[in-house]
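Residue strings, one per chain:
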Amino acid sequence: MTTRAEAAVRGLERRLDAVFGTEGNPLRQLGALAFLSLWVVVVSGFYIYIFYETSVDGAYHSVQALSQEQPWAGGLMRSAHRYASDAFIVFTLLHLVREWMLGRFTGFRWFSWVSGVPLLWLAVASGLVGYWMVWDERALYVGTATLEWTGWLPGVGVEAVRNFVDASAVTDRLFSLLSFLHIGLPLLLLLGAWAHLLRLVRPRTMPARSLTIGSLVALVIGSLAWPATSMAAADIGRAPLGVEIDWFYLGALPLADRAPGTVWLVLFGISVLLTALPWLVRPSATAVAAVVDPARCNGCSLCFADCPYGAITMAPHIAGHGLVRMAVVDADLCAGCGICAGACPSATPFRRGAPFATGIDMPQLPLAALRARLDEALDRVAAMASPRVIVLGCDDGAQLADAIGAAMVSAQCVAQWPPVFIEYALRHGADGVLVTGCPGADCTWRLGSGLTAERLHDARMPRLRAQVPRERVDVHWALREDVRSLAQAVQALRARLAAGPATAPAPQPAPALNHG
Amino acid sequence: MAKSARIVAQVVFYALFAAFIAVFATWPSYSLLAPGQALLRLSFSHPGKISTECRTRSAEELAKLPAQMRSAQDCQRERSPVRVRVELDGSSLVDEAFAPAGLSRDGASSAYRRIAISAGTHRIHVEFRDDVRASAAAYQRDATVEARPGQIVLIDFKPEQGGILIR
């Protein structure tokens, strides 16, 4: 069931789809955009560090020299470093809000959610230290205000602030320490980001090409139009006035000047709440894990290769009989999407004598039930006018009521349909088959539409057999709200079938794989 | 949406996002002090005197102790809190006792206070008392300071430099 929050997100995404296209929509790639920003920060940071002097006298002047003596290289890098850092925070926060509104934090997703929370703290800490290194009036404010704020915490104390009350207390060592922290904290951030993606197979860490190019061009133009600058050099005898605050990183400090305890309470409270959220909210649907039948698992590892969440491992086969390995499902990691069942080569619907059983299957919607649904759809379409089309779709994509000459049947994910079901439909009365599902960037189970496209394009096992007439098969990716385009695709296939044998349509490119 | 309209819309989105980032990376600015204000900072770290009288050990007591522990004086570890009074033009700004650090209260007393004051000429009177047994303040200092807007007036305590420092 779609919640109000989910409907709001999807509504906004649909509007941006009209501008950027589904695959280039930035809202669907916020995590990847955050990674892109991080890479820009890392590359520009390396450049800046070449020229940075870790000394009281050198810190300010070396940063100033970047802007003044090499504006097209060092100045640009410095500005890109700052603005990409800001963009990283914005994309990360938007990513968090989007996943929350879509309800993607419970069940098997808890680890990805929880591991994302400390990344925000690490990012802000990295930024605070970075501003400190410039050693201008803003740096003096950031250093003093940060230590005053942390000094409020029990057990920390205010002794560290004494390093900023007297010029003699500020030594070159401070800037070596800051450099160490400004490299170490982002390294920890990268380590945390790795853990954040640990449970995703083939995570998307780069946005679509068009979005990458557009973002980088915007960053360069923005950096040239509004170059990052320093304030006056730090003077410990004067309180900085009119500090240019980077509100993305330093926003808490002006508040902490007035109420340090309240700001700690709010930030810690939000962090604890976010961390506990997966257990505070009941999941909308509990995932039922896939089940392996050792008697039918031949250890081919196709399900292992296709699982989007790394829930399947290959272990020694318990049956022996010359079989070496078999699939094992970790129920805690399993999303219950059914993609593994669609990958199983033993899933052939043609066998009628014995019960339809496969090496791996979904208890809540086994392939036998899918075949029964398909049989019903074939019965319905048989009574319709020719040419008759079967639409194989997914529960989260566009749904089509029985229309003239077409009947639709959905699985949990479009990749739960083994390609052999297309052949089955064509041999049992369908004149054509249209495969549909969420577009890659919108795929609920991340890889469903991409894997399906690869299977149908002979790029991935299990393949659609060579003898299946390709001109009778079509693929159309459609958002769940995009029922009209699905209906148009059905009618286009019917028109092509009615026109008689022709060449197969140009295959649709495999959609990009979804990170979320 | 026509392709040209999509491109224009994309450019607008990128420009708006870039402007959003650039603007809030520096604006609005923030001042800790209001115009015409200066800052008075009290900051020190100083261990108070041992809070109780030491007792002289007898020869028998010393003989019972291991050789490396034969200190003639038997002193408790706890130190006195450091009591500080700061007056600005006759008005009390700070009148606090700062407890020694540590579970046994045997560490230094540390303090950090920042107080916004009006810029101009001020008469400052500071008293430090680091021994609970003494009735009078151990250190006192009076100074007249000319504080310009934004200037920081620092009150520190360093016995090796004569005690109370105002600069």
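Computed from a predicted model, the values in this text were never measured in an experiment.

### Comments concerning the overall build of chain A
Right, so step 1: What chain A contains, in helices and strands, is 17 helices and eight strands.
Right, so step 2: The 516 residues of chain A split such that 46% are buried.
Right, so step 3: For chain A, long-range pairs separated by at least 24 residues make up 74% of all intrachain contacts whose partners lie at least 6 apart in sequence.

### Considering the overall build of chain B
Right, so step 1: From N to C terminus, chain B includes two helices and 10 strands.
Right, so step 2: N-terminal to C-terminal, the α/β element order of chain B is α-β-β-α-β-β-β-β-β-β-β-β.
Right, so step 3: In terms of C-alpha radius of gyration, chain B reaches 28 Å, well past the compact-globule figure of 15 Å for 167 residues.
Right, so step 4: Structurally, chain B occupies a C-alpha span of about 105 × 45 × 25 Å along its principal axes.
Right, so step 5: With 167 residues in all, chain B has 23% of them scored as buried.

### Concerning the sheet that holds strand β9 (residues 152–158) of chain B
The strands that make up a sheet pair up through hydrogen bonds in the backbone, lying either parallel or antiparallel.
All names here are of chain B.
Right, so step 1: If you trace the four strands from one edge of the open sheet to the other, you get β6-β1-β9-β10, paired in mixed fashion. The open sheet has two edge strands with one neighbour each: β6 (109–118) and β10 (163–166). Averaged over all pairs of adjacent strands, the angle between their axes in this sheet comes to 10°, without regard to strand direction.
Right, so step 2: By the bridge criterion, 10 bridges tie strand β1 (residues 37–46) to β6 in an arrangement that is antiparallel. Residue pairing across strands places L42 opposite R113, the latter belonging to β6.

### Brief notes about the domain arrangement of chain A
Residues and elements named next belong to chain A.
Right, so step 1: Domain annotation for chain A reports domain 1 (29–280) and domain 2 (291–498).
Right, so step 2: Taking only C-alpha atoms, the centre of domain 1 and the centre of domain 2 are 45 Å apart.
Right, so step 3: Listed as interface residues are six residues of domain 1 and, on the opposing side, 10 residues of domain 2.
Right, so step 4: Classifying every residue of the side of domain 1 that touches domain 2 by side-chain character gives three nonpolar, one polar and two charged.

### Side note on the nonpolar core
All names here are of chain A.
Right, so step 1: Formed by 77 residues in total, the largest nonpolar core has its most connected members in F88 and V142.
Right, so step 2: When neighbours within four sequence positions are excluded, V142 is seen to be in contact with L128, Y131, W132, L250 and L253.
Right, so step 3: The next biggest cluster of nonpolar side chains, apart from the first, holds 73 residues, and it includes C337, A341, F421 and C438.

### Observations regarding the sheet that holds strand β5 (residues 389–394) of chain A
Residue and element names in this part refer to chain A.
Right, so step 1: The strand order across the open sheet built from four strands is β6-β5-β7-β8, with neighbouring strands paired in parallel fashion. One side of each edge strand has no neighbouring strand; the edge strands of this open sheet are β6 (406–411) and β8 (473–477). Pairs of neighbouring strands in the sheet enclose a mean axial angle of 20°, with direction left out of account.
Right, so step 2: As paired strands, β5 and β6 are joined by six bridges and run parallel to one another. When the bridges of β6 are listed, V391 appears paired with M408.

### Overview of the packing of helix α4 (residues 71–101) of chain A against helix α8 (residues 209–225) of chain A
All names here are of chain A.
Right, so step 1: The interhelical angle for the contact between α4 and α8, taken along N-to-C directions, is 115°, at an axis separation of 9 Å. As the angle between them shows, α4 and α8 are arranged roughly perpendicular. Crossing handedness for the pair α4 and α8: right-handed. Residues L76, S79, A80, Y83 and A84 of α4 pack against L219, G222, S223 and L224 of α8.

### Some thoughts on the interface of chain A and chain B
Right, so step 1: Taken together, the contact pairs 33 residues of chain A with 28 residues of chain B.
Right, so step 2: The set of elements that each furnish at least two residues to the side of chain A that touches chain B consists of α1 (4–20), α4, α8, α9 (247–250) and α10 (252–258) of chain A.
Right, so step 3: Examining the composition of the side of chain A that touches chain B, we find that five residues originate from one element, α4(A), more than from any other.
Right, so step 4: For the side of chain A that touches chain B, the per-class residue count stands at 19 nonpolar, six polar and eight charged.

### Considering the packing of helix α5 (residues 110–133) of chain A against helix α11 (residues 260–280) of chain A
Residues and elements named next belong to chain A.
Right, so step 1: One way to put it is that α5 packs onto α11 with a least axis distance of 8 Å and a crossing angle of 170°. Classified by the angle between their axes, α5 and α11 sit roughly antiparallel to one another. Two secondary-structure elements touch here, α5 through W110, W113, V114 and V117 and α11 through S271, L274, T275, L277 and P278.
Right, so step 2: Within the contact of α5 with α11, the residues separate by chemical class into seven nonpolar, two polar and no charged.

### A few points about helix α17 (residues 483–498) of chain A
Side chains that are three or four residues apart share a direction in an α-helix, a result of its 3.6 residues per turn.
Residues and elements named next belong to chain A.
Right, so step 1: Given a rise of 1.5 Å per residue, 16 residues ought to cover 22 Å, and the 22 Å separating the end C-alpha atoms of α17 matches this to within 8%.
Right, so step 2: Within α17, burial applies to L486, A489, V490, L493, R494 and L497. One side of α17 carries all its buried residues, which in axial view fall inside an arc of 135°. Facing away from the buried side of α17 by over 90 degrees, the exposed positions are R484 and A495.
Right, so step 3: Following α17 by one or two positions, G500 has its phi on the positive side, about 100°.

### What to know about the domain arrangement of chain B
Right, so step 1: Here chain B is partitioned into domain 1 (1–30) and domain 2 (32–51 + 79–166).
Right, so step 2: Each of domain 1 of chain B and domain 2 of chain B has a C-alpha centre, and these two points are 51 Å apart.

### Digging into unusual backbone geometry
Right, so step 1: For the bond from A:S386 to A:P387, the omega torsion is -5°, close enough to zero to count as cis.
Right, so step 2: Note on placement: A:P387 falls in the loop between α14 (367–382) and β5.
Right, so step 3: Omega for the peptide link from B:W27 to B:P28 comes to -5°, which places this bond in the cis form.
Right, so step 4: Within the element layout of this structure, B:P28 appears in the loop between α1 (3–24) and β1.
Right, so step 5: Unusually for a residue other than glycine, A:W135 sits at a positive phi of about 55°.
Right, so step 6: Position of A:W135 relative to the elements: it lies in the loop between α5 and α6 (137–151).
Right, so step 7: Taking the number of C-beta atoms within 10 Å as the measure of exposure, A:W135 has 26 and is therefore buried.
Right, so step 8: In this structure, A:R446 is a non-glycine residue whose phi angle is positive, near 70°.
Right, so step 9: If you trace the backbone, A:R446 turns up in the loop between β7 (432–437) and α16 (448–456).

### A short note on α5(A)
Residue and element names in this part refer to chain A.
Right, so step 1: An ideal rise of 1.5 Å per residue puts 34 Å on 24 residues; α5 measures up with 36 Å between its terminal C-alpha atoms.
Right, so step 2: Packing partners of the buried residues in α5 comprise α3 (56–69), α4, α6, α7 (172–196) and α9.
Right, so step 3: Positive backbone phi, at 55°, marks W135, one or two positions downstream of α5.

Rules used throughout
- Residues numbered from 1 in each chain as written.
- Chains lettered and ligands numbered in written order.
- Predicted model: local features only at pLDDT ≥ 70, side-chain atom pairs only at ≥ 80, totals over all residues.
- Helix = DSSP H or I, 4+ residues; strand = E, 2+ residues; numbered from the N terminus.
- Buried ≥ 20, exposed ≤ 12 C-beta atoms within 10 Å, placed from the backbone.
- Contact = placed C-beta atoms within 7 Å.
- Rg over C-alpha atoms; globule rule 2.2 N^0.38 Å.
- Pairing = 2+ DSSP bridges.
- Axes fitted to C-alpha atoms, helices over the stretch in contact; angles between N-to-C directions.
- Domains from an automatic or database assignment.
- Nonpolar A, V, L, I, M, F, W, Y, C, P; charged D, E, K, R; others polar.
- Core = buried A, V, L, I, M, F, W, Y, C linked by C-beta atoms within 7 Å.
- Parallel < 35°, antiparallel > 145°, perpendicular 65-115°, else oblique.
- Left-handed = near helix turned anticlockwise from the far one by under 90°.
- Expected span 1.5 Å × (residues − 1).
- Arc of directions from axis to C-beta.

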